[in-house]
Amino acid sequence: MTVSTPTGTTRTVDLPGGLSVTIQEFGENTEGTGVLMLHGGAGPRSMSGFAAGMSQHAYVVVPTHPGFDGSPRPESTDTVADLATAYLDLLDALDLRGVMVAGNSVGGWIAAEMALRDNAARISCLTLLASTGIAPEPPLQLANPADLGPAKTGELAFHNPLLRPDPAALGPEQLAVMAANQRTLAVYAGDPFCCDPKLRGRLHRVTVPVLVIAGEQDGIAPLEYEQALADSFPRATFRPISEAGHFPHIEQPAVVFGAIGNFVDTQVKPDGE
């Protein structure tokens, strides 16, 4: 079943192994390529505006991680590696090549794991937005929203106070969805939270260009952590964004789009292909 909405078209795609994934599509798939956008613990809505803007230049697909926003999650799908494999299957099902995989927070971790497993060479580059994944070097640490609560999480996640969600203004249904999403995040993020201590030692095998975008005021994944993440890839560009926290694509969309455009022009398609 396909449902058209003002923010894109939503449908369900059946993947190998019995897993079904709900995706939103923005723009038209006319060239067999596009952008796969992977959300973090805030859910797929946190990528909608970014996806709509990017769709002016490319076909964009935003999957909902199984278990988020009330979607079903099979018990067998419970790790970031499972999601990485599922989304490679999704690229196969959509027959997309030359794909930019853009991920925010844990979505960036999924993107990195996809690049490590991309034996069909469908991925052309990664854009990691305030990504998690590698283990932080003490005293750095990743903040866990489940420990902080929604109010404190908002303070750490957004530089602009006007963008911070007010839990007191949310209805019971919205609060229930947020709580359920955090429980699902905890399943995928594992322990230690939102990282794999062995991931950094594998990232040298990612051969595609990588853009690491970091909010300078990010209290969830600190700037120094994002720099260390960029340093773990052999072909990485590090781009800090001022006046932005854990969602630089929401707080500074024009700057982020500019950074992505420059990255594509200079690192991904330097010859204007």
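Draft legend 1. Examining helix 9 (residues 253-268) more closely. The set of residues buried in helix 9 consists of Val256, Ala259, Ile260, Phe263 and Val268. In an axial view of helix 9, the angular spread of the buried residues amounts to 100°, which keeps them on one side of the axis. The exposed residues of helix 9 that point more than 90 degrees off its buried face are Ala254 and Asp265.

Draft legend 2. Layout of the packing of helix 1 (residues 45-54) against helix 9. Remark: helix 1 packs on helix 9, axes separated minimally by 11 Å, with the N-to-C direction vectors making an angle of 50°. Classed by the angle they form, the pair helix 1 and helix 9 counts as oblique. In this structure, helix 1 meets helix 9 at a crossing whose hand is right-handed. Here Phe50, Gly53 and Met54 of helix 1 lie close against helix 9, whose contacting residues are Val256, Phe257 and Ile260. Looking at the contact of helix 1 with helix 9, its residues break down into five nonpolar, one polar and no charged.

Draft legend 3. Representation of the nonpolar core in the model. Ranked by internal contacts, the top residues of the largest apolar core, which has 51 residues, are Leu36, Tyr87, Leu90, Val101, Met114 and Leu126. The contact partners of Leu36, leaving out residues within four places of it in the chain, are Val61, Pro63, Tyr87, Leu90, Leu91, Val99, Met100, Val101, Ala102 and Met114. Counting residues in each nonpolar core, the second largest holds 22 residues, with Met47, Phe50, Met54 and Ile241 among its members.

Draft legend 4. Structural context of the packing of aromatic side chains. Under the definition given, this model contains two aromatic pairs. When the ring of Phe50 is compared with that of Phe257, the centres are 5.3 Å apart and the planes differ by 40°; the resulting orientation is tilted. Within this pair, whereas Phe50 is found in helix 1, its partner Phe257 is found in helix 9, the two being separated by 207 residues in sequence. Ring plane angle 20° and centroid distance 5.0 Å describe the contact between Phe158 and Phe247, whose orientation is recorded as stacked. One end of the pair, Phe158, is in the loop between helix 5 (150-157) and helix 6 (172-189); the other, Phe247, is in the loop between strand 9 (236-241) and helix 8 (248-251), and 89 residues separate them in sequence. For Phe247, a relative accessible area of 9% corresponds to the buried category.

Draft legend 5. Looking closely at the side chain of His246. With respect to the helices, strands and loops of the structure, His246 is situated in the loop between strand 9 and helix 8. Once residues within four sequence positions are removed from consideration, His246 is found in contact with Asn104, Ser105, Ala130, Ala157, Asp218, Ile220 and Ala221.

Draft legend 6. Inspection of the environment of Ser124 at higher detail. Mapped onto the secondary structure, Ser124 falls in strand 7 (residues 123-129). Classification of Ser124 as partly exposed rests on a relative accessible area of 24%. Along the chain, Ser124 and Pro167 lie 43 residues apart, while their C-alpha atoms are 39 Å from each other. Here the side chain of Ser124 touches Gly98 through a polar contact of 3.2 Å, landing on its backbone oxygen.

Draft legend 7. Region of interest: the pattern of salt bridges. Within this structure, the stated rule accounts for eight salt bridges. Of the charged contacts in the structure, one is a salt bridge between Arg117 and Glu113, with a shortest N-O distance of 2.6 Å. With Arg117 and Glu113 both in helix 3 (residues 106-117) and four residues apart, the pair spans about one turn of that helix. Glu155 serves as the salt-bridge partner of Lys152, at 3.6 Å between the closest nitrogen and oxygen. Of this pair, Lys152 and Glu155 both sit in helix 5, three residues apart, which is roughly one turn of the helix. Given the relative accessible area of 41%, Glu155 is considered partly exposed.

Draft legend 8. Structural detail: the pairing of strand 5 (residues 60-63). Burial of the side chains of strand 5 extends over both faces: Val60 and Val62 are buried on one face and Val61 and Pro63 on the other. Where strand 3 (residues 20-26) lies against strand 5, four bridges are found, and the strand directions are antiparallel. Its bridge partner lying in strand 5, Gln24 is registered against Val62. Pairing of strand 4 (residues 35-38) with strand 5 involves two bridges; the strand directions are parallel. Bridge assignment links Val35 to a residue of strand 5, and that residue is Val60. Once the chain exits strand 4 it traverses helix 1 before rejoining the sheet at strand 5, and the crossover so formed is right-handed.

Thresholds, definitions, all that
Residues numbered from 1 in each chain as written. Predicted model: local features only at pLDDT ≥ 70, side-chain atom pairs only at ≥ 80, totals over all residues. Heavy atoms only, no water. Buried < 20%, exposed > 50% of the residue type's maximum accessible area, 1.4 Å probe, protein only. Helix = DSSP H or I, 4+ residues; strand = E, 2+ residues; numbered from the N terminus. Arc of directions from axis to C-beta. Axes fitted to C-alpha atoms, helices over the stretch in contact; angles between N-to-C directions. Parallel < 35°, antiparallel > 145°, perpendicular 65-115°, else oblique. Left-handed = near helix turned anticlockwise from the far one by under 90°. Contact = heavy atoms within 4.5 Å. Nonpolar A, V, L, I, M, F, W, Y, C, P; charged D, E, K, R; others polar. Core = buried A, V, L, I, M, F, W, Y, C linked by side-chain atoms within 4.5 Å. Phe/Tyr/Trp six-rings, centres within 6.5 Å; stacked < 30°, edge-to-face > 60°. Polar contact = N/O pair within 3.5 Å; in protein donor to acceptor, adjacent residues only side chain to side chain. Salt bridge = Lys/Arg side-chain N within 4 Å of Asp/Glu carboxyl O. Pairing = 2+ DSSP bridges. Right-handed = clockwise from strand over helix to strand, strands pointing away.

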